Amino acid sequence: MKSKFIELESERLIYRKFKYDDFPEVFDWLGNAENMKYWMGEPKSESETRDYINWAISSSEAEDIKNYEFAVVLKSENILIGSATLINLPGDPEIGWVLHKNYWRQGYGTEIGRALLKFSFDTLGLRRIIAACNAKNRGSYRIMEKIGMRREGHFIKAQQGNSALDYEWCDRFQYAILKEEWKQWDINK
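First, a word on what this report is: a plain description of the structure on this page. (Residues numbered from 1 in each chain as written. Predicted model: local features only at pLDDT ≥ 70, side-chain atom pairs only at ≥ 80, totals over all residues. Heavy atoms only, no water.)

## Topic: the overall build of the chain
Here is step 1: Along the backbone of the chain there are 5 helices and 8 strands.
Here is step 2: Walking the chain from its N terminus toward its C terminus, one meets helices and strands in the order β-β-α-α-β-β-β-α-β-α-β-β-α.
Here is step 3: The C-alpha radius of gyration computed for the chain amounts to 16 Å, which stays within 12% of the reference 16 Å derived for 189 residues, consistent with globular compactness.
Here is step 4: Considering only C-alpha atoms, the chain reaches an extent of 40 × 40 × 30 Å along its principal axes.
Here is step 5: Going through the 189 residues of the chain one by one, you find that 46% of them count as buried.
Here is step 6: Of all intrachain contacts in the chain linking residues separated by at least 6 positions in sequence, the fraction that spans at least 24 positions is 63%.
Here is step 7: Accessible area of the chain: about 10,000 Å², with a carbon and sulfur share of 48%.
Here is step 8: If the 28 positive side-chain charges of the chain are averaged to one point and the 29 negative ones to another, these points end up 5 Å apart. (Helix = DSSP H or I, 4+ residues; strand = E, 2+ residues; numbered from the N terminus. Rg over C-alpha atoms; globule rule 2.2 N^0.38 Å. Buried < 20%, exposed > 50% of the residue type's maximum accessible area, 1.4 Å probe, protein only. Contact = heavy atoms within 4.5 Å. Areas by Shrake-Rupley, 256 points an atom, 1.4 Å probe, with all protein chains shown as cover. Lys, Arg positive; Asp, Glu negative; His and termini not counted. Charge placed at Lys NZ, Arg CZ, Asp CG, Glu CD.)

## Regarding the environment of A158
Here is step 1: One can find A158 in strand 7 (residues 150–160).
Here is step 2: Sequence spacing of A158 and W169 is 11 residues, and the spatial spacing of their C-alpha atoms is 6.8 Å.
Here is step 3: Residues contacting A158, with those up to four places away along its chain left out, are W169, C170, D171 and R172.

## Some details on the layout of surface pockets
Here is step 1: Each pocket or cavity is described by its volume, and for the largest pocket that value is around 1,400 Å³.
Here is step 2: Of all the secondary structure elements, the ones that give two or more residues to the lining of the largest pocket are helix 1 (23–30), helix 2 (46–60), strand 4 (79–87), strand 5 (94–99), helix 3 (108–123), strand 6 (128–134), helix 4 (138–146) and strand 8 (169–178).
Here is step 3: Looking at which element gives the most residues to the lining of the largest pocket, the answer is helix 4, with 7 residues.
Here is step 4: Considered class by class, the residues forming the lining of the largest pocket number 22 nonpolar, 15 polar and 13 charged. (1 Å grid on protein atoms, 1.4 Å probe; cavity = no way out; pocket = protein on both sides within 12 Å on 5 of 7 lines; lining within 4 Å. Points joined across faces, edges and corners; volume = space filled by probe spheres on them. Nonpolar A, V, L, I, M, F, W, Y, C, P; charged D, E, K, R; others polar.)

## Some details on the packing of aromatic side chains
Here is step 1: In total, this model carries 12 aromatic pairs according to the counting rule given.
Here is step 2: Geometrically, the ring pair formed by Y68 and F70 is stacked, given 5.6 Å between the ring centres and 10° between the ring planes. For the pair Y68 and F70, a shared accessibility class is recorded, and that class is buried.
Here is step 3: The interplanar angle of 85° and the centroid separation of 5.0 Å between the aromatic rings of Y68 and F119 together place this pair among those described as edge-to-face. Here F119 lies in helix 3 and Y68 lies in strand 3 (residues 68–74), a separation of 51 residues in the sequence. There is no split in this pair, since Y68 and F119 are both buried. (Phe/Tyr/Trp six-rings, centres within 6.5 Å; stacked < 30°, edge-to-face > 60°.)

## Observations regarding the packing of helix 1 against helix 2
Here is step 1: At a minimum axis distance of 10 Å, the contact between helix 1 and helix 2 shows a crossing angle of 120°. With respect to each other, helix 1 and helix 2 are oriented oblique. Both helix 1 and helix 2 take part in a crossing whose hand is right-handed. In contact with F23, V26, F27 and L30 of helix 1, helix 2 contributes E46, T49, R50, Y52 and I53.
Here is step 2: In terms of residue class, the contact of helix 1 with helix 2 is made up of 6 nonpolar, 1 polar and 2 charged. (Axes fitted to C-alpha atoms, helices over the stretch in contact; angles between N-to-C directions. Parallel < 35°, antiparallel > 145°, perpendicular 65-115°, else oblique. Left-handed = near helix turned anticlockwise from the far one by under 90°.)

## Some details on helix 4
Here is step 1: Along helix 4, the positions that sit buried rather than exposed are S140, Y141, I143 and M144. Buried residues of helix 4, viewed axially, fall in a sector of 150°; they line one side.
Here is step 2: Looking one or two places after helix 4, you find G148, whose phi comes out positive at around 95°. (Arc of directions from axis to C-beta.)

Here you go:
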């Protein structure tokens, strides 16, 4: 069965396709050192940001989507605040998110994570989802724990930090959740 792009909605957020005119907002987070502190690689240039937006748009227009890249919009103000990702379909699906730093610690990451799991399990019928982050990124792995994921792996000095981390080799955590675990967690939350 071929998968087409589906827009999503959660309590405070809309998950839509990226558009070319999203560039200023996307560059504001991808080009920002604080926002990209825990990512591999440096903050993105204008050209790299345009490449990312082009990739996100072409991914959403594929005949059979293998990588969902959602633009995350705050309903109340109709502004783009981040992205949500579900990639590597169908083999080893992985979720992720990036929020502009102005929207950290307001529960949006948790809301995104929950929406991605619901979409993955209820709509796409996936069996298992993973997520990974730099072990120094407490905010990210706390979201994974809040949405019912369990830590499966702790990889020692597995990724090199960017200039914000003085190119230090950092540990990486991997989390996962099975559909049946999520169903049980979702009932009990």
